[in-house]
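# A look at the structure
This is what each chain is made of:
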Amino acid sequence: MKIPTLTRVRGCVRIAVRGEHVEYFINALAENGVPVWDIEPKNGNLAEMKVLLRDFHALRPLLKRTGCRVHVQGRIGLPFTLVKLYKRKFFMVGIVLFFVLLFLLSSMVWNVRVTGNEKIATEDVLEAAKKEGVRPFQWIFRLDSPDKLSRELSIRLPGTSWIGVERKGTTITIQIVEAAEPPKQPLTDPRHLVSRTDAVVTSIYAEQGRPLVEKNSRVKKGQVLISGILGVDGGNTEVVVAKGEVKGLVWHEYSLTVPLVQKHKVYTGERKTKSYFVIGDRAVQLWGYGKDPYKASETLTEHDPLTWRSFKLPVGWMTEKVMEVRESQETLTVEEAKKQGLDGAVRDILAKYGTDSQIISQKILHEKKENGKVYMKVLFEVEEKIAEELPIVHNQGE
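Small disclaimer: the values here were computed from a predicted structure and weren't measured.

### Looking at the pairing of strand E21 (residues 373–385)
Relative to E21, strand E15 (residues 243–259) is paired through 13 bridges, and the arrangement is antiparallel. Directly across from lysine 247, in E21, lies its bridge partner lysine 385. The sheet contact formed by strand E20 (residues 358–370) and E21 spans 11 bridges and is antiparallel. What sits directly across from isoleucine 364, in E21, is valine 378. Taken together, E20 and the strand that follows it, E21, pair antiparallel across an intervening segment of 2 residues, in which asparagine 371 is found at a positive phi of about 55°.

Written as structure tokens, this is what we have:
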């Protein structure tokens, strides 16, 4: 007879049937639709065969009718294997707990290494990393992406030109490239101090050299403020490096545009994690099933291949972090928009001309509201350093 499908999954029994009417018993099985296969007659009164586990109890009335007896010779299939495992349930629980514990331990950070630092103390790097959540016994899935960690650590650690964060297994490596600061060489070439822009001088201090302008005098761009040539024309002269500080009033004109309705993207902190087991270029999802519950979201993907020594194996884990984002909308009044634009212009001035610059006055030359935006033209009066160096060419004179 034809062998039923999935016999090992469903379970089957190998039996030996003994009696004077074995043939009648086999015919009765066929008449009642009981599948039987691998029939092996041994002698006139004995035959071996296989039946499904579910049909084993249906043999009793047929055995009684034909006067045969049955003896179980073997049990085959998944149901019997599960029964054996159940009898050893503590052993199986131990195996499951072992693999669960192994998975949990491999999902934690065990070591944080710092390389490449010479001037910056390792303790300072580890303290900054700890504030970003990078520390031993931290869950790996709770860490931000390596790119984001690199940016945050660069902000927390001044004096670095580049910071890289790399994870291999349970070890986090922070690579530091310190900013190269060339030693400041004293100026030896003679030079003037000249005005870098048109201005009105508010203060002048000549540490070395001869001042050529006075307070409240108007100067133009390129005009010498402190000369590096000492002495009078036609007499003995000496060429030096002019040193000092000159401040002046400078006017900056800004054209500002500020929208009254401003949109911002905000992370709510809610997120969903999907984990995959990766084999080659295919990924099998392990958990995190279901549709994304967020109306708007961004997804960060992290791939963690398994390694052996320095080789990357074609298997590993992949994690997708689906983070909920919310777009907030803020409507400004005209006054709030004007203040925002003016504050931005002030920050730009301080960034370009030094934080020690002072805003003396500001005057709005033109203002209008159009198409949901505020347009302004503003004139700032700023006291700032105006001196810059100009090398003295031989035989240049003043």
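### Some points on a positive patch on the surface
Taken together, the side chains of Arg75, Lys84, Lys87 and Arg88 define a basic patch exposed on the protein surface. Following the sequence through the fold, lysine 84 ends up in helix H4 (residues 78–87).

### As for helix H8 (residues 334–353)
The terminal C-alpha atoms of H8 lie 29 Å apart, and with 20 residues this matches the ideal 28 Å at 1.5 Å per residue to within 8%. Every buried residue of H8 is listed here: Ala337, Lys338, Gly341, Leu342, Ala345, Val346 and Ile349. Packing partners of the buried residues in H8 comprise E15, E20 and E21. At the exit of H8 stands glycine 354, carrying a positive phi of roughly 105°.

### So, helix H7 (residues 146–156)
All of the buried residues in H7 are Leu149, Ser150 and Leu153. Down the axis, H7 shows its buried residues gathered within 100° of arc, on one side only. Along H7, the residues that are exposed and aim more than 90 degrees away from the buried face are Asp147, Arg151 and Ile155. Buried residues in H7 make contact with helix H6 (122–131), strand E6 (160–168) and strand E7 (171–178).

### With respect to the environment of serine 227
Here serine 227 is to be found in strand E12 (residues 224–227). The class of serine 227 is buried, set by a relative accessible area of 0%. Counting along the chain gives 37 residues from serine 227 to proline 190, while the straight-line C-alpha distance between them is 9.7 Å. Here the side chain of serine 227 touches isoleucine 229 through a polar contact of 3.1 Å, landing on its backbone nitrogen.

### As for the sheet that holds E7
Pairing in this open sheet of 3 strands is mixed, and the strands run E5-E7-E6 from one edge to the other. Strands with a single pairing partner mark the edges of an open sheet, and in this sheet they are strand E5 (111–115) and E6. Each strand axis lies, on average, 15° off the axis of its neighbour in the sheet, ignoring direction. Examined bridge by bridge, E5 and E7 share 5 bridges and lie parallel to one another. In the strand pairing of E7, asparagine 111 is matched with threonine 171. Docked against the sheet, H6 engages E5 and E7, running at close to 130° with respect to E5.

### Focus: the side chain of glutamate 48
For glutamate 48, the location among the structural elements is in strand E3 (residues 46–52). Of the polar contacts made by the side chain of glutamate 48, one reaches the side chain of arginine 14; its length is 3.1 Å. Of note is the side chain of glutamate 48, whose polar atom sits 3.1 Å from the side chain of glutamine 73. With near-sequence residues (within four places) excluded, glutamate 48 lies in contact with Arg14, Ile15, Ala16, Asp38, Ile39, Glu40, Lys42 and Gln73.

### Observations concerning the packing of aromatic side chains
To describe a pair of aromatic rings, you give the distance between the ring centres and the angle between the ring planes. Applying the stated criterion to the full structure yields 7 aromatic pairs. Aromatic pair tryptophan 110 and phenylalanine 137: ring centres 5.3 Å apart, planes at 75°, arrangement edge-to-face. Of this pair, tryptophan 110 sits in the loop between helix H5 (89–106) and E5 while phenylalanine 137 sits in the loop between H6 and H7; the two residues are 27 residues apart in sequence, bridging distant segments of the chain. Taking the centre distance of 5.8 Å and the plane angle of 25° together, the rings of tryptophan 139 and phenylalanine 141 count as stacked.

### With respect to the environment of alanine 199
Take alanine 199: it is sitting in strand E9 (residues 199–208). The spatial distance from the C-alpha of alanine 199 to the C-alpha of serine 255 is 21 Å, given a sequence separation of 56 residues. Not counting chain neighbours up to four residues away, the residues in contact with alanine 199 comprise Ser217, Arg218, Val219, Leu249, Val250 and Ile386.

### Describing the sheet that holds E15
Sheet strands line up and pair through hydrogen bonds in the backbone, either parallel or antiparallel. Judged by pairing direction, the sheet is antiparallel, and its 5 strands sit side by side in the order E11-E9-E15-E21-E20 without closing on themselves. Of all strands in the sheet, those bounded by a partner on one side alone are strand E11 (218–219) and E20. Across the face of the sheet, H8 comes into contact with E15, E20 and E21 while running at roughly 35° to E21.

### Things to note about the pairing of E3
Within E3, 7 of the 7 residues are buried, which leaves it mostly tucked inside the rest of the structure. On E3, burial covers both faces: Leu46, Glu48, Lys50 and Leu52 on one face and Ala47, Met49 and Val51 on the other are all buried. Direction of pairing for strand E1 (residues 12–18) relative to E3: antiparallel, over a ladder of 7 bridges. Residue pairing in the sheet places valine 17 in a bridge with alanine 47 of E3. Relative to E3, strand E2 (residues 36–43) runs antiparallel, the two sharing 5 bridges. Bridge pairing links valine 36 to valine 51 in E3. Linking E2 to E3, which pair antiparallel, is a turn of 2 residues.

Parameters at a glance
- Residues numbered from 1 in each chain as written.
- Predicted model: local features only at pLDDT ≥ 70, side-chain atom pairs only at ≥ 80, totals over all residues.
- Heavy atoms only, no water.
- Pairing = 2+ DSSP bridges.
- Helix = DSSP H or I, 4+ residues; strand = E, 2+ residues; numbered from the N terminus.
- Patch = residues over 30% accessible without salt bridge, like charges linked within 9 Å, V, L, I, M, F, W, Y side chains within 5 Å.
- Areas by Shrake-Rupley, 256 points an atom, 1.4 Å probe, with all protein chains shown as cover.
- Salt bridge = Lys/Arg side-chain N within 4 Å of Asp/Glu carboxyl O.
- Lys, Arg positive; Asp, Glu negative; His and termini not counted.
- Charge placed at Lys NZ, Arg CZ, Asp CG, Glu CD.
- Expected span 1.5 Å × (residues − 1).
- Buried < 20%, exposed > 50% of the residue type's maximum accessible area, 1.4 Å probe, protein only.
- Contact = heavy atoms within 4.5 Å.
- Arc of directions from axis to C-beta.
- Polar contact = N/O pair within 3.5 Å; in protein donor to acceptor, adjacent residues only side chain to side chain.
- Axes fitted to C-alpha atoms, helices over the stretch in contact; angles between N-to-C directions.
- Phe/Tyr/Trp six-rings, centres within 6.5 Å; stacked < 30°, edge-to-face > 60°.

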